Amino acid sequence: MIYLDHAATTPLHPEARRAMEPFLAGEYGNPSSLHAAGQEARRALDEARDGIAAALGARAEEVIFTSGGTEANNLALTGVFLAERPGRPHLVTVATEHHAILDTCRFLETLGAEITLLPVDSDGFVDPDDLRRALTPRTALVSVMHANNEIGTVAPLAEISAITRAAGVPLHTDAVQTVGSLPLRLADNGPDLISLSAHKFYGPKGVGALIVRRGVRLRPVLHGGGQERGRRAGTENVAGLVGMARALELALADREGEATRQAALRDRLIRGVLAAVPGAMLNGHPTRRLPNNVNLAIAGVEAEMLLLNLDLAGICASAGSACAAGSLEPSHVVMALGRSPELVSGSLRLSLGRSTTAEELDVVIEQLAGLVHRLRRRAGGSARADAPSPVARRPSPVSK
Ligand SMILES: Cc1ncc(COP(=O)(O)O)c(C=O)c1O
């Protein structure tokens, strides 16, 4: 099997699993218990918190453990909105965000939130002037993802946070795709809130964190016990959190080397497919993208058909975000780039990982080229691509 869906999830690192094992067996104490077994779990949890905080340039008390990226995003938006809503019910985000942001915004609208959804250009970037214009004295929070999970475009967060800081508005970033692979810190004037998820950096599924800068007001969403300093109730997933901290430590140990290696493989794959598949186009920016992300728009084929056939050939890929897959909905991200409907439905994501090799990618290029040729022939067209539709830029900000 050739696994090229690391943006959906990554395998658990064996050393992260080893770190978790004691807490899945003998060490089963509840970290809130005062006895020795509880205190052993508390100590492990504190260590995990210190590790995550140090990795993100934050203080231990700025880390809120969650059940993953979805919960972290829900807590960031809902928590700030509930804390600020009497005077500042306005939130600003971007059309290409993950559904965990967009659907939370839609929900918050039912509670009276005013949402501005910024458009992106044909590479997936927000125009900083659009952001400046969107901010008002009623704005409680801006949320801009660090890198897009479908097309890999990396946002210029330093420029964006300079704008939000000047306006006195906190900035949240969904960094689920970048923690462990790109540098990001709360310190050094980074974003004020950061969402992360362990299973994207070779940690276990179902654990993550929201980092919240001291001073940012946040109302809890989960109520019950006083865990996480009263900001997120519920007995902590000790084994999972220990595994997350270990996985992040391992990811950061060779982050730069691995990012450079994967970026070279990424570029080899992009060059190979563009050369072998007539009419294929790259979605997202050619260089300012995640080191492991390739997203291709292929005219004249349905990505669904490509995925099914690639799967039969032992190649795991994706048509967009895993969470949206299965719904048969066209990708809202590729659509926001201004691509034609044909190119939206022919968009395929291949995301590389630590185990990916050049040999695997050469197999994928060959298989994909043959498959596209056959599918186009079967569809009654010629093996040559029709002229790809031009990319149009969205005319004006969509605000709702
Ligand atoms: C950008 C982004 N945000 C949020 C999530 C959700 O994270 P989790 O799977 O931990 O709930 C994902 C997962 O696909 C993602 O890619």
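S.K.: A description of the site of the ligand should follow, citing residues and the corresponding values.
M.R.: Neighbouring the ligand are 14 residues, the closest being Gly 69, Thr 70, Asp 174, Ser 197 and Lys 200. Gly 69 is positioned with one of its backbone polar atoms (N or O) 2.8 Å from an oxygen atom of the ligand. The separation between a nitrogen atom of the ligand and a polar side-chain atom of Asp 174 is 2.6 Å. Here the ligand has 390 Å² of accessible area as a free molecule, and 90% of this is covered by the chains. Residue contributions to the shell around the ligand peak at three residues, all from helix H3 (residues 69–84). Its residues assigned to classes, the shell around the ligand comprises three nonpolar, nine polar and two charged.

S.K.: Describe helix H9 (residues 303–312), with residues and values.
M.R.: Along an α-helix, residues three or four apart share an orientation, since each turn contains 3.6 residues. Within H9, burial applies to Ala 303, Leu 306, Leu 307 and Leu 310. Buried residues in H9, looked at end-on, bunch into an arc of 100 degrees, giving them a common side. Away from its buried face, by an angle of more than 90 degrees, H9 presents the exposed residues Leu 308 and Leu 312. Here the buried face of H9 lies against strand E10 (293–298), strand E11 (315–316), helix H11 (341–345), strand E12 (347–351) and helix H12 (358–378).

S.K.: Describe the pairing of E12, and please don't skip the residues or the numbers.
M.R.: Here is the key point about a regular strand: its side chains alternate between the two faces of the sheet. Within E12, five of the five residues are buried, leaving the element largely enclosed by the surrounding structure. A two-sided burial pattern is seen for E12, the buried positions comprising Ser 347, Arg 349 and Ser 351 on one face and Leu 348 and Leu 350 on the other.

S.K.: Could you give an account of the packing of aromatic side chains, with specific residues and numbers?
M.R.: Under the defined criterion, the tally for this structure stands at zero aromatic pairs. Over the ring of Phe 125 we find Arg 288; its NZ or CZ atom is 4.1 Å from the centre of that ring. The cationic tip of Arg 354 hangs over the ring face of Tyr 202; the distance from NZ or CZ to the ring centre is 5.6 Å.

S.K.: Go over the domain arrangement of the protein chain with me, naming the residues and quoting the values.
M.R.: Under the domain assignment, the protein chain is made up of domain 1 (14–253) and domain 2 (255–379). Between the C-alpha centres of domain 1 and domain 2 the distance comes to 28 Å. Contacts between the two partners involve 32 residues from domain 1 and, on the opposite side, 24 residues from domain 2. Here domain 1 packs against domain 2, burying approximately 2300 Å² in sum over the two surfaces, 57% of which is carbon and sulfur. Seen at the junction of domain 1 and domain 2, the total is zero salt bridges. Taken together, the links from domain 1 to domain 2 amount to 12 residue pairs in polar contact (both at pLDDT 80 or more). Those elements that place two or more of their residues in the side of domain 1 that touches domain 2 are helix H4 (99–109) and helix H7 (238–253). Element by element, the count of residues in the side of domain 1 that touches domain 2 is highest for H7, at four residues. A class-by-class count of the residues in the side of domain 1 that touches domain 2 yields 15 nonpolar, 13 polar and four charged.

What counts, and where the lines are drawn
- Residues numbered from 1 in each chain as written.
- Predicted model: local features only at pLDDT ≥ 70, side-chain atom pairs only at ≥ 80, totals over all residues.
- Heavy atoms only, no water.
- Near = heavy atom within 4 Å.
- Polar contact = N/O pair within 3.5 Å; in protein donor to acceptor, adjacent residues only side chain to side chain.
- Areas by Shrake-Rupley, 256 points an atom, 1.4 Å probe, with all protein chains shown as cover.
- Helix = DSSP H or I, 4+ residues; strand = E, 2+ residues; numbered from the N terminus.
- Nonpolar A, V, L, I, M, F, W, Y, C, P; charged D, E, K, R; others polar.
- Buried < 20%, exposed > 50% of the residue type's maximum accessible area, 1.4 Å probe, protein only.
- Arc of directions from axis to C-beta.
- Contact = heavy atoms within 4.5 Å.
- Phe/Tyr/Trp six-rings, centres within 6.5 Å; stacked < 30°, edge-to-face > 60°.
- Lys NZ or Arg CZ within 6 Å of the ring centre and 35° of its normal.
- Domains from an automatic or database assignment.
- Buried area = accessible area lost by both parts, 1.4 Å probe.
- Salt bridge = Lys/Arg side-chain N within 4 Å of Asp/Glu carboxyl O.

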